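# Examination of the molecular architecture
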Amino acid sequence: MRKNFKQYGQTLHLVGGNLVYISNMIYSVYSNGIISDYQQYFLDIKNAKIVSQSSIQSLETISPPFILETEHGSLIKAFKDILDCLNSLILISENVTPIDIKEADILNEISILKVIQQEITETTLGLIEKLNSQPRR
């Protein structure tokens, strides 16, 4: 049982680091309403997509401790939602020139990502609360 908690904790640590990476990649710099480094920004988004896919795979391949199954399912869903947002950001860039990309479209996806991040925070707090309520051995 203890080994399962340790492995699960290591996976959560990994996907938490991935979430920080994704968060750092989604914000672009604008100059006169246009993304300053269009190619780099969308390369960063594509890399964030790969990291998000890796997080989903990590979460789907580990069995959570029984008491954390509900929160585990919520984490998987949240990372899939993140992946959907990243795919939307990539689609925004695919058929238009940099000047045609609307800052509002990107900010809309970022606002959705912020909501998902808040959900992950709440889920994580629930995980911690459940773990803290377990008897210590």
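Just above, that's the structure.
Report follows, based on the coordinates. Quick caveat: nothing in here was measured; it's all calculated off a predicted structure. (Residues numbered from 1 in each chain as written. Predicted model: local features only at pLDDT ≥ 70, side-chain atom pairs only at ≥ 80, totals over all residues. Heavy atoms only, no water.)

Our focus in this paragraph is the packing of aromatic side chains. The final tally for this structure, using the stated rule, is two aromatic pairs. Here the aromatic residues Tyr38, Tyr41 and Phe42 are joined through ring pairs into a cluster of three or more. (Phe/Tyr/Trp six-rings, centres within 6.5 Å; stacked < 30°, edge-to-face > 60°.)

Attention now moves to the packing of helix α3 (residues 69–94) against helix α4 (residues 103–132). Look at α3 against α4: their axes get within 10 Å of each other, and the N-to-C directions meet at 165 degrees. Considering their axes alone, α3 and α4 lie roughly antiparallel with respect to each other. The element α3 and its partner α4 pack so that their crossing is left-handed. Residue-level contacts link Glu71, Ser74, Leu75, Ala78, Phe79, Asp81, Ile82, Cys85, Ser88, Leu89 and Ile92 of α3 to Asp105, Ile106, Glu109, Ile112, Leu113, Ile116, Ile120, Thr123, Gly126, Leu127 and Lys130 of α4. (Axes fitted to C-alpha atoms, helices over the stretch in contact; angles between N-to-C directions. Helix = DSSP H or I, 4+ residues; strand = E, 2+ residues; numbered from the N terminus. Parallel < 35°, antiparallel > 145°, perpendicular 65-115°, else oblique. Left-handed = near helix turned anticlockwise from the far one by under 90°. Contact = heavy atoms within 4.5 Å.)

Now for the nonpolar core. Counting 35 residues, the largest nonpolar core has Phe79 and Ile82 as the members making the most contacts within it. Broken down by secondary-structure element, the contributors of at least two residues to this core are α1 (2–25), α2 (38–61), α3 and α4. Examining the composition of this core, we find that 11 residues originate from one element, α3, more than from any other. Apart from residues no more than four positions distant in its own chain, Phe79 is found in contact with Val15, Leu19, Ile22, Ser52, Ser55, Ile56, Leu59 and Ile120. (Core = buried A, V, L, I, M, F, W, Y, C linked by side-chain atoms within 4.5 Å. Buried < 20%, exposed > 50% of the residue type's maximum accessible area, 1.4 Å probe, protein only.)

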